[in-house]
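The lines below spell out each chain.
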Amino acid sequence: MKKLILALGVAASVFASQAKSAECEGICFSPLGIGIAYPVQFPFSDSDVYGLRLGGLYAVEKEVLGLDVGLMQETKEYFTGLQVSAFSLTGKDAVGLQFAGLCNLTRGSAVGGVFGLCNVVYGDVTGLASGVVNFDSSILGMQIGAVNWNRFASVGAEIGAFNENVGAFTGLALGGYSFAEEMKGVQIGFINCADNCAGLQLGVINACENMTGVQIGALNLIATSPVSAMVVANVMF
């Protein structure tokens, strides 16, 4: 009986300590995080993990720095380190390498590398994004995927079947279809399109509104050129 009472007392103390940690803001952390299925985890979701987080089905922490491994890993604020999961969700910025079997979703910016079937970064990507679908605000680095979509000005290289740049793109675009509102650099692919292009378009079909450079392909279209359609090559400066 005494042993049972003692065990209950220890369990109550651990639970009370955990509850107190859950109420901390900004100063509560653990070198080890273990998750089974949220909310069954250690430490509680308002704590930070600086070291190693091992998640089961679903783990949630405020901030993670270090190695993060699990099926579904959520970080409410910042993630820094190496992450391996099926699905990851980062509430703010991520720095390091993230590998996801299904999807990486980052509500802030990502610095380093994101690898998954689908990579969605609401902010900017500085580094490498590789997946079937890459969607972000802008890229400073490289994108490799079937679909690469950038919402704002980007710099670097993109390789994909479908490259869409709603804003400006500076660098190399290599794909089946590539589009940029403002293109500075080289587009190589089956169909290359731009509103304004400065550089080289090399493809089967090349089209743009305004051109400062050279088009080489089966059909070359420059809307504002005196000769708007040419085969083999078209030039405008």
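Calculation rules
Residues numbered from 1 in each chain as written. Predicted model: local features only at pLDDT ≥ 70, side-chain atom pairs only at ≥ 80, totals over all residues. Heavy atoms only, no water. Phe/Tyr/Trp six-rings, centres within 6.5 Å; stacked < 30°, edge-to-face > 60°. Helix = DSSP H or I, 4+ residues; strand = E, 2+ residues; numbered from the N terminus. Buried < 20%, exposed > 50% of the residue type's maximum accessible area, 1.4 Å probe, protein only. Core = buried A, V, L, I, M, F, W, Y, C linked by side-chain atoms within 4.5 Å. Contact = heavy atoms within 4.5 Å. 1 Å grid on protein atoms, 1.4 Å probe; cavity = no way out; pocket = protein on both sides within 12 Å on 5 of 7 lines; lining within 4 Å. Points joined across faces, edges and corners; volume = space filled by probe spheres on them. Nonpolar A, V, L, I, M, F, W, Y, C, P; charged D, E, K, R; others polar. Salt bridge = Lys/Arg side-chain N within 4 Å of Asp/Glu carboxyl O. Polar contact = N/O pair within 3.5 Å; in protein donor to acceptor, adjacent residues only side chain to side chain. Pairing = 2+ DSSP bridges.

## Some words on the packing of aromatic side chains
Under the criterion given, the structure shown has five aromatic pairs. On the basis of an interplanar angle of 70° and a centroid distance of 5.8 Å, the ring pair of tyrosine 38 and tyrosine 58 is categorised as edge-to-face. Residue tyrosine 38 is located in the loop between strand S1 (29-37) and strand S2 (40-42), and its partner tyrosine 58 is located in strand S3 (residues 48-61); the two are separated by 20 residues in the primary sequence. The class for tyrosine 58 is partly exposed, based on a relative accessible area of 24%. With 6.4 Å between their ring centres and 25° between their planes, tryptophan 149 and phenylalanine 162 make a pair best called stacked. With tryptophan 149 in strand S8 (residues 110-150) and phenylalanine 162 in strand S9 (residues 154-222), this residue pair connects regions lying 13 residues apart in the sequence. The exposure class assigned to phenylalanine 162 is partly exposed, which follows from its relative accessible area of 30%.

## Brief notes about the nonpolar core
Of all hydrophobic cores here, the largest spans nine residues; its members are Phe169, Ala173, Ala180, Met183, Ala194, Cys197, Cys208, Met211 and Ile222. Excluding residues that lie within four positions of it along the chain, phenylalanine 169 makes contacts with Ser154, Gly156, Ala157, Glu158, Ala180, Glu182, Met183 and Lys184. Judged by nonpolar contacts, the second largest core, of six residues, contains Ala110, Val114, Val125 and Ala129.

## Some remarks on empty space enclosed by the protein
This model, assessed by the stated rule, comprises one cavity of 30 Å³ or more. Each pocket or cavity is described by its volume, and for the largest cavity that value is around 30 Å³. Around the largest cavity, the lining residues are Ala94, Val95, Gly96, Leu97, Gln98, Ala110, Val111, Gly112, Gly113 and Val114. Contributions of two or more residues to the lining of the largest cavity are made by strand S7 (94-106) and S8. Looking at the lining of the largest cavity residue by residue, the class counts come to six nonpolar, four polar and no charged.

## Brief notes about the pattern of salt bridges
A full pass over the atoms with the stated rule returns three salt bridges. As a salt-bridge pair, glutamate 61 and arginine 53 come within 3.0 Å of each other at their nearest N and O atoms. For glutamate 61, a relative accessible area of 1% translates into the label buried. Between aspartate 68 and arginine 53 there is a salt bridge, with the nearest N and O atoms lying 2.7 Å from each other.

## Here we look at the side chain of glutamine 98
Topologically, glutamine 98 is positioned in strand S7. Residue classification places glutamine 98 among the buried residues on the basis of a relative accessible area of 2%. A distance of 3.4 Å separates the side chain of glutamine 98 from the side chain of threonine 90, its partner in a polar contact. Once you skip the residues sitting within four places of it in the chain, glutamine 98 turns out to touch Phe79, Gln83, Ser88, Thr90, Asn104, Thr106, Gly113, Val114 and Phe115.

## Overview of the pairing of strand S6 (residues 79-90)
In summary, the side chains of a regular strand alternate between the two faces of the sheet. Two elements, strand S4 (residues 63-69) and S6, share six bridges in a ladder whose sense is parallel. Across the sheet, valine 64 pairs through a bridge with phenylalanine 79, a residue of S6. Here strand S5 (residues 72-75) pairs with S6 via four bridges, running parallel. Within S6, the residue paired with methionine 72 across the bridge is phenylalanine 87. Strand direction decides the pairing type here: S6 and S7, joined by 11 bridges, are parallel. Paired with glutamine 83 across the bridge in S7 is glutamine 98.

## Digging into the environment of valine 204
Following the sequence through the fold, valine 204 ends up in strand S9. Take valine 204: its relative accessible area is 35%, and that puts it in the partly exposed class. C-alpha separation for the pair valine 204 and asparagine 192, spaced 12 residues apart in sequence, amounts to 8.2 Å. Excluding residues that lie within four positions of it along the chain, valine 204 makes contacts with Gly189, Phe190, Gly217, Ala218 and Leu219.

## Comments concerning unusual backbone geometry
Backbone torsion omega between tyrosine 38 and proline 39 reads 10°, so that peptide bond is classified as cis. Along the chain, proline 39 falls in the loop between S1 and S2. Note the cis peptide between phenylalanine 42 and proline 43, where omega equals -10°. Tracing the sequence through the fold places proline 43 in the loop between S2 and S3. The residue valine 232 is not glycine, and still its phi comes out positive at about 70°. Here valine 232 shows up in strand S10 (residues 229-236). With relative accessibility at 58%, the residue valine 232 sits in the exposed group.

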